Amino acid sequence: MKNIWVIVEHTEGKIKPAVLEALNPAKSIASQGEGKVTAVFMGADDSNVGENLIQLGAERVLFLKNKELDRFSISGYLAALVPLIKSESPQVILLAATTHGKELAPALAARLGAGLATDCTALDIDAEGGIKVKRPIYGGRAISTLTFNQSTTQIITIRPNVFRDGTPDESRKGEIIVQESDLGDSPLTCKIREVVSEPGASKDVSEARIIVSGGMGMQNSENFQLIEELATVLGGAVGASRPVVDNGWRDRKS
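Model, not experiment: these values are computed from the prediction.

Here is what the cut-offs are and how they apply
- Residues numbered from 1 in each chain as written.
- Predicted model: local features only at pLDDT ≥ 70, side-chain atom pairs only at ≥ 80, totals over all residues.
- Heavy atoms only, no water.
- Helix = DSSP H or I, 4+ residues; strand = E, 2+ residues; numbered from the N terminus.
- Rg over C-alpha atoms; globule rule 2.2 N^0.38 Å.
- Contact = heavy atoms within 4.5 Å.
- Lys, Arg positive; Asp, Glu negative; His and termini not counted.
- Charge placed at Lys NZ, Arg CZ, Asp CG, Glu CD.
- Pairing = 2+ DSSP bridges.
- Axes fitted to C-alpha atoms, helices over the stretch in contact; angles between N-to-C directions.
- Buried < 20%, exposed > 50% of the residue type's maximum accessible area, 1.4 Å probe, protein only.

1. What to know about the overall build of the protein chain
So, step 1. A tally of helices and strands in the protein chain yields six helices and 14 strands.
So, step 2. Taken over C-alpha atoms, the radius of gyration comes to 20 Å for the protein chain, in line with the 18 Å a tight globule of 254 residues would show.
So, step 3. The contacts of the protein chain with a sequence gap of at least 6 include a subset with a gap of at least 24, amounting to 68%.
So, step 4. Here the protein chain holds 28 positive side-chain charges and 32 negative ones, and the gap between their average locations is 4 Å.

Here it is as structure tokens:
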């Protein structure tokens, strides 16, 4: 287990908390297999991102510099990552199981002919040195245990809020490599021009540490103002039960 990569997802240059959590299992399996953790960041501004990732557990940061990668683009990320992965052949690639991570991971697996396990909640190395993962199935009613074939690249998405991110260690030192990323001659098939946040929108429920949720007991949609106020005080996100959403009291994203 010599080379373990964590693909860094960010919004406007700010790294998503779920990605920082992914560094924890990366460090764990790297320490068991005498491996090295590499964080791969794509964008135009490297600023102090590399130092932050090293303080949180990466031994090496690969910064793929291209302004077209400032915002997530499946075609852009694939164009930047696939040639690099084929060149360096990391054994394990970890991504956060965010909306973009769930889109990118299977696309990478298909391009690379790699193994894939999604939404994992536990990682370990078995007696033969292979990666063993656990992931919930059937809506969380059962846990599936998978062991990867060691001859293939192994792509794993990590469920947010399972591997809580650790405290930065400012004494850690590592290598930061900045290189221009060539996306080839083909134009990107999809570009995000602008990200507009909905006024008053709460935090992303999938990544929130605290969720204040209500059901039909709230009696009507107007009473959800109480839920929103409590979530604001606690610094959390607003959730809702399926019947509440089905009755139109809350949007499906809540």
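2. Focus on the sheet that holds strand S10 (residues 142–147)
So, step 1. Read across the sheet, three strands follow the order S8-S9-S10 without closing on themselves; strand pairing throughout is antiparallel. At either end of the open sheet lies a strand with only one pairing partner, and these are strand S8 (122–125) and S10. When strand polarity is set aside, the average angle formed by the axes of neighbouring strands in this sheet is 25°.

3. Comments concerning the environment of glutamine 179
So, step 1. Checked against the element boundaries, glutamine 179 lands in strand S12 (residues 175–180).
So, step 2. By relative accessible area, glutamine 179 is classed as partly exposed at 31%.
So, step 3. Separated by 17 residues in the primary sequence, glutamine 179 and valine 162 have C-alpha atoms spaced 32 Å apart.
So, step 4. Ignoring sequence-local partners within four residues, the contact set of glutamine 179 consists of Leu62, Phe63, Leu64, Lys65 and Leu84.

4. Topic: the sheet that holds strand S5 (residues 60–65)
So, step 1. With parallel pairing, the seven strands of this open sheet are ordered in space as S7-S11-S6-S1-S4-S5-S12. At either end of the open sheet lies a strand with only one pairing partner, and these are strand S7 (115–120) and S12. Looking at each pair of strands side by side, their axes are set apart by 20° on average, direction ignored.
So, step 2. The sheet contact formed by strand S6 (residues 92–96) and strand S11 (residues 154–158) spans five bridges and is parallel. Residue pairing across strands places leucine 94 opposite isoleucine 156, the latter belonging to S11.
So, step 3. Each of strand S1 (3–8), strand S4 (36–43), S6 and S11 touches helix H1 (residues 17–32); the most contacted strand, S1, lies at about 175° to it.
So, step 4. Contacts between helix H4 (residues 99–112) and the sheet are confined to S1, S6, S7 and S11, with S11 contributing the most and set at about 175° to the helix.

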